[in-house]
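What follows is the residue order along each chain.
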Amino acid sequence: MTQLIKTKTSDEVFTRNTKFTVYTERQLDRIEPLQSLTPEQRFEMRVVANVLPFRVNQYVIDELIDWTNIPADPIFQLTFPQRGMLAPEDYDRMADVLQREAERSEVQAVANEIREKLNPHPAGQQEMNVPMLDGEPLPGMQHKYRETVLFFPSQGQVCHTYCTFCFRWAQFIGDKELRFASNEADTLHRYLAKHKEVSDLLLTGGDPMVMKTHHLKGYLDGLMRPELDHVQNIRIGTKSLTFWPQRFVTDPDADELLKLLRRLVRGGKHVALMAHFNHWREMETPIVREAIRRIQATGAIIRAQAPVVQHINDDPDVWARMWRTQVGLGIVPYYMFVERDTGAKRYFEVPLERTYKIYREAIQQVSGLARTARGPSMSAGPGKVEIQGITELNGEKVFVLRFIQGRNPDWVQRIFFAKYDPEATWFDDLVPAFGEEKFFFTDEYNAMQEQAGA
Ligand SMILES: *Cc1c(COP(=O)(O)O)cnc(C)c1O
């Protein structure tokens, strides 16, 4: 269980869980605390885990989950499959093939059919964001917003543990076609050298921090060459800080990693670890505190982001406490997201109205230092759309929306209005307010989609 030890010492000795041990669907029966569940409960987990990717490590099991509070425990919900994640008819289909002990190929076929229904590629990212170099598409990269290039290193296409709500789940089910990954450091650097408008490189995954430091070096050291001076900000998206803080403390190449971060900072780059924190509980163990301290000692900044997810953090008090804890640890709250329209969204989604209320009530509880968290934001096809409020205009109740990021940079900061809908949970559920036929960007966005063949 989580130990509420507030330590800031650097000479503490960490010996628990220093060897990485991981469990996937096939090893569910070997997870010790699950033995106290009923066989039915364990079967339910297997059914879901045959459709949606499951992976958990010993640190999460031992130190983040409160096993006296199952199944409500938020970290249990964050990592373990739950029956409600599948529609009843899909659940029954998978349960049936498993009960019959059908061939692996049949289980796979049923799994794939169910997965196809779960919108594996939200927001047109497979078609619309792929950049070109010398007339060739670069499938391991995305360049949607002018300033920022996303890079998916091929060695970073898993995570230390999977989040049940992950929108990158399609990458983890072994279907090569569904992944975007790249192992071409050279291609990345050549693309960036040709695009002087790019100020930010965002390494993402999976989780780039599953990579050994020598792989990371291959991608990052080259960024200090003069022709890449314009790439000022290096961001690394990761869940490792909370799921495997050992990466920064006790792993054999942890010190090497910190040296790499320090070298980039000394080389004039802004280095930001974009850390995913879904709950303040993830920040309580002594080793995560030590990892935070060590990363910050390199000059890198930690920024925090996460979606609002039912069963995990759909509560303003959880967010307020999380942001306060982050600020206290020198971490910058960055984004509050709306849970994406993919995977197990039926289990996790929260109506936009409630998500907005959670944001507002959380922000009201914290000082300005924590109000750097923007949102709630939807990463939708046209851009990142923030819900600014719910109000009445001309006698009509509306959502007030704003582009935080736009496929066309000119859309950024523009306000627009959608008809109020208490049931809407995602951007695509929204229609223009005041009986208008389309949003201001609709025609332009449709043309962009057409051009990309999406
Ligand atoms: C969120 C996101 C970014 C980064 O946007 P910022 O607002 O700069 O954090 C870049 N590319 C894509 C595709 C994104 O979804």
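Residues numbered from 1 in each chain as written. Predicted model: local features only at pLDDT ≥ 70, side-chain atom pairs only at ≥ 80, totals over all residues. Heavy atoms only, no water.

Observations concerning the side chain of Asn57
To be explicit about the condition: Secondary structure is summarised from DSSP: a helix means a run of H or I of at least four residues, a strand means a run of E of at least two, and numbering begins at the N terminus for each. Any N or O atom pair separated by 3.5 Å or less is treated as a polar contact, with the protein-specific requirement of one donor-capable and one acceptor-capable atom, and with residues adjacent in sequence counted only for side-chain atom pairs. Whether two residues touch is decided by their heavy atoms; if any such pair falls within 4.5 Å, the residues are in contact.
Considering the arrangement of structural elements, one finds Asn57 in strand E2 (residues 55-57). Of note is the side chain of Asn57, whose polar atom sits 3.0 Å from the backbone oxygen of Phe243. Beyond its immediate sequence surroundings of up to four residues, Asn57 is in contact with Phe20, Thr21, Val22, His160, Thr161, Phe243 and Trp244.

Concerning the sheet that holds strand E7 (residues 200-203)
As a reminder of what qualifies: Pairing between strands is defined by DSSP: at least two bridges between them are needed. Under this scheme, a helix contributes an axis fitted over its contacting stretch, all axes are lines through C-alpha atoms, and angles between N-to-C directions fall in the 0 to 180 degree range.
Across the sheet, eleven strands lie side by side as E5-E6-E7-E8-E9-E10-E11-E12-E13-E14-E15; this open sheet has mixed pairing. Edge strands, defined here as strands with exactly one partner in the open sheet, are strand E5 (141-145) and strand E15 (415-419). Taken pair by pair, the neighbouring strands of this sheet meet at an average axis angle of 30°, ignoring direction.

Focus: the site of the ligand
Keep this limit in mind: The rule for a residue being near a molecule or strand is that one of its heavy atoms must lie within 4 Å of it. Surface exposure here means Shrake-Rupley accessible area, sampled with a 1.4 Å probe, where a residue is shielded only by the protein chains that are shown. A cavity here means a set of 1 Å grid points, computed over protein atoms only, where a 1.4 Å probe fits but cannot escape. A pocket is an open set with protein on both sides within 12 Å along at least 5 of 7 lines, and lining residues have an atom within 4 Å of a point. Just a note on the criterion: a molecule sits in a pocket or cavity if more than half of its atoms are within 2 Å of the grid points. Three classes are used: nonpolar for Ala, Val, Leu, Ile, Met, Phe, Trp, Tyr, Cys and Pro, charged for Asp, Glu, Lys and Arg, and polar for all others, with Gly counted as polar.
For the ligand, the full set of nearby residues is Lys144, Tyr145, Thr148, Leu150, Arg235, Tyr334, Tyr335, Lys384 and Gln405. Residue Gln405 places a side-chain N or O atom 3.1 Å away from an oxygen atom belonging to the ligand. The protein chains hide 88% of the 390 Å² of surface that the ligand would expose on its own. Its atoms largely coinciding with the cavity grid, the ligand occupies the largest pocket. Only E5, strand E6 (148-151) and strand E11 (332-338) provide two or more residues apiece to the shell around the ligand. Of the residues contributing to the shell around the ligand, the split by class is four nonpolar, two polar and three charged.

As for the pattern of salt bridges
The test is simple: By definition here, a salt bridge exists when the distance from a side-chain nitrogen of Lys or Arg to a carboxyl oxygen of Asp or Glu is within 4 Å. Buried residues are those whose accessible area, probed at 1.4 Å on protein chains only, stays under 20% of the maximum for their type, while exposed residues exceed 50% and partly exposed ones sit between those limits.
If you walk through the whole model with that rule in mind, you get 26 salt bridges. Across the pair Lys194 and Asp134 runs a salt bridge, and its minimum N-O distance is 3.2 Å. Taken together, the residues Lys194 in helix H7 (residues 185-194) and Asp134 in the loop between strand E3 (132-133) and strand E4 (136-137) connect sequence positions 60 residues apart. Of the residues examined, Lys194 reaches a relative accessible area of 54% and is grouped as exposed. Between Arg293 and Glu290 there is a salt bridge, with its nearest N and O atoms 3.1 Å apart. One end of the pair is Arg293 and the other is Glu290, both in helix H11 (residues 286-297) and three residues apart, which spans about a single turn. Since its relative accessible area comes to 5%, Glu290 is described here as buried. When salt bridges that share partners are traced, they join Asp134, Asp186, Arg190 and Lys194 into one network.

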